[in-house]
Amino acid sequence: MPAELVCFSERCGARFPVTDPIYNCPTCGSLLETRYTGVRTPAMLLKTLWRGRRTSNAALDQSGVWRYREMIPFLDNYESVVTLREGNTPLLPARKAAEYGGLDYLTVKHQGFNPTGSFKDNGMTCGASQAVRLGMKRVACVSTGNTSASMAAYSSAAGLQPIIFIPHGNISYGKLAQALEYGAKTLQVEANFDQILALVRTLADKLGIYLLNSVNPFRIEGQKTIIVEMMDQRDWNPPEWIVLPGGNLGNTSAFGKALRELCEWGLIGKVPKLAVVQAEGSAPFYDLMQTEDRLSLRAVEHPQTLATAIKIGDPVSWPKALQEVTLSGGVVEQVSEQEIADAKAIIGLCGIGCEPASAATLAGIRKLTASGVIAHDADVVAVLTGNVLKDPDYIYRYHTGELEAPGGARIQPTFGNRPIVVPNDPDKIASLLGD
Ligand code: F0G
């Protein structure tokens, strides 16, 4: 199916070949979107085809992204595809989390089950495959951690050289360790995410390096499949709400685009509402939604949150995210550090676990049910974006009462589970265990 890059600004609407290595419209500077023209396969045929591929041993079919390749047809052929069998992430019931969130029932889609432990893999398989197709040798990203881990893995798997830029001292060791292990040239810059993104964009153009941040439209295409897979797993019955954390807002853009396209293609009958949750100290999108005209986003100059994955003050994809949240009839909420930490512990108590940014979803749900925006009996899916092992330091500090919010305030270990030091004495241990 023919694909092209189209300027997201309706006033401009410029179109470019899908093989142009561009990330913003060269005419007006707006974001770009991948669009497809041509004959669509009927919805019923697609549903049968995709279900059938689940039993196939072919690499493309085993990938939870490329299995749905008819929804992301930007490649001419599949020779350039690099896949680590991403996607295939489960929908899990979370009873305790539902109760805590004020819901009768809650399902989580856990993107932390991906090869590098976050939803970034869904997009990165597409971004890296496009880099191979374009004959690129080096790829780069700025990252709060997960993008770098994912980009390092996929580009090394593809034989490309990964170069990552990260805010010095501001990402978890779990994520940094992955990037090092996967062979990325790693540059720690004394600046925050937003400042480094501006730097990397200049460098990428100058040095001919392919940029794999979520401003890259092919990353967004891959992340769409999180929603396609979710609907497939639900037998094409959309929930009422999909709740996700918001940082640079690439994922919000991807989810909205996926939902619109699934509707246009006749694969689902209605679009669920999107609820985006940000951390209070890093909530420019939430602030934008409080303004009357919602015309321009005011960046948070020094974003603060322990949920480092969403510590972003100037999200590049906000115009797309604004459109998607508005079209879906959704909302944006903000939550405190204490609320994130407690919600995270509850997700842990479900035997599921996630990283801090992901837990913002449950904290947001709790607020949105309390205010009556989400009904207690609503059908809700929360997308947990990253694996529990991404930030073990945070977990240990929470459970031992040592976790401090950015301003220095102590986070209460409401659901703390402190390890107990015991002597090597069976009687004492037995009495401690109540036997
Ligand atoms: N959750 C996790 C675990 C993330 O890593 C990110 C983003 C988000 C949520 C927010 O997603 O930016 O699409 O709104 N992490 C980026 C990174 C920015 O560099 O890894 P978004």
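Use the structure listed above.
Since we're looking at a predicted model, the values are computed, not measured.

Enquirer: Give a detailed account of the pairing of strand 12 (residues 331–335), specifying residues and quantitative values.
Expert: The element strand 12 is largely enclosed, with a buried count of 4 among its 5 residues. Relative to strand 12, strand 11 (residues 273–279) is paired through 5 bridges, and the arrangement is parallel. Bridge pairing links Ala275 to Val331 in strand 12.

Enquirer: Mind laying out the packing of helix 9 (residues 250–264) against helix 11 (residues 318–328), listing which residues take part and the relevant values?
Expert: Direction vectors running N to C along helix 9 and helix 11 enclose 45°, while the axes themselves pass 8 Å from each other. On the basis of their axis angle, the class for helix 9 and helix 11 is oblique. Crossing geometry of helix 9 relative to helix 11 is assigned as left-handed. On helix 11, the residues that touch Thr252, Ser253, Gly256, Lys257 and Arg260 of helix 9 are Lys320, Ala321, Gln323, Glu324, Val325 and Leu327. The residue makeup of the contact of helix 9 with helix 11, split by class, is 3 nonpolar, 4 polar and 4 charged.

Enquirer: Give me the nonpolar core: which residues, what numbers.
Expert: In terms of nonpolar packing, the biggest core is built from 55 residues, with Trp66, Phe74 and Tyr210 touching the most fellow members. Contact partners of Trp66, with chain neighbours within four places excluded, come to Arg53, Leu60, Ile72, Phe74, Leu75, Tyr78, Val81, Thr83, Glu86, Thr125, Cys126 and Ser129. Core analysis: the next-biggest nonpolar cluster, separate from the first, contains 41 residues, Tyr100, Ala359, Ala378 and Ala382 among them.

Enquirer: With reference to specific residues and values, describe a nonpolar patch on the surface.
Expert: Taken together, the side chains of Ile420, Val422, Leu432 and Leu433 make up a nonpolar region of the molecular surface, amounting to roughly 410 Å² of accessible area. Within the secondary structure layout, Leu432 lies in helix 15 (residues 426–432).

Enquirer: Can you explain the sheet that holds strand 3 (residues 32–36)? Please cite residues and give values.
Expert: Judged by pairing direction, the sheet is antiparallel, and its 3 strands sit side by side in the order 2-1-3 without closing on themselves. Edge positions in the open sheet fall to strand 2 (15–17) and strand 3, since each of these has one partner strand only. Pairwise comparison of adjacent strand axes, ignoring direction, gives a mean angle of 35° for this sheet. As paired elements, strand 1 (residues 3–7) and strand 2 share 3 bridges and run antiparallel to each other. Looking across to strand 2, one finds that Glu4 is bridged to Pro17.

Conventions adopted
Here the residue index of a chain counts from 1 through its sequence in written order. Under the rules for a predicted model, residues below a pLDDT of 70 receive no local features and side-chain atom pairs below 80 are neither given nor counted, while totals for whole chains, interfaces and linings still include all residues. With hydrogens and water stripped out, all remaining heavy atoms of the structure feed into the side-chain values. In this scheme, a residue with accessible area under 20% of its type's maximum is buried, one over 50% is exposed, and one in between is partly exposed, where area comes from a 1.4 Å probe on protein chains only. Each helix corresponds to a stretch of at least 4 residues labelled H or I by DSSP, and each strand to a stretch of at least 2 residues labelled E; elements are numbered beginning at the N terminus. Note on pairing: two strands pair once DSSP finds at least 2 bridges between them. Between N-to-C directions, angles cover 0 to 180 degrees, with each direction set by a line fitted to C-alpha atoms, over the stretch in contact for helices. Each angle is binned into one of four classes, with values under 35 degrees roughly parallel, values over 145 roughly antiparallel, values of 65 to 115 roughly perpendicular, and all other values oblique. A crossing counts as left-handed when the near helix is turned anticlockwise from the far one by less than a right angle, and as right-handed when that turn is clockwise. Any two residues whose heavy atoms approach within 4.5 Å are treated as being in contact. The residue classification treats Ala, Val, Leu, Ile, Met, Phe, Trp, Tyr, Cys and Pro as nonpolar and Asp, Glu, Lys and Arg as charged. All others, Gly included, are polar. Only buried Ala, Val, Leu, Ile, Met, Phe, Trp, Tyr and Cys residues count toward a nonpolar core, and they belong to the same one when joined by side-chain atoms within 4.5 Å. A patch is a set of surface residues, each over 30% in relative accessible area and not in a salt bridge, joined within 9 Å for like charges and within 5 Å for the nonpolar side chains Val, Leu, Ile, Met, Phe, Trp and Tyr. Surface accessibility follows the Shrake-Rupley procedure with a 1.4 Å probe radius. Residue values consider only the protein chains on display as shielding. Whenever Lys or Arg places a side-chain nitrogen within 4 Å of a carboxyl oxygen from Asp or Glu, that contact is recorded as a salt bridge.

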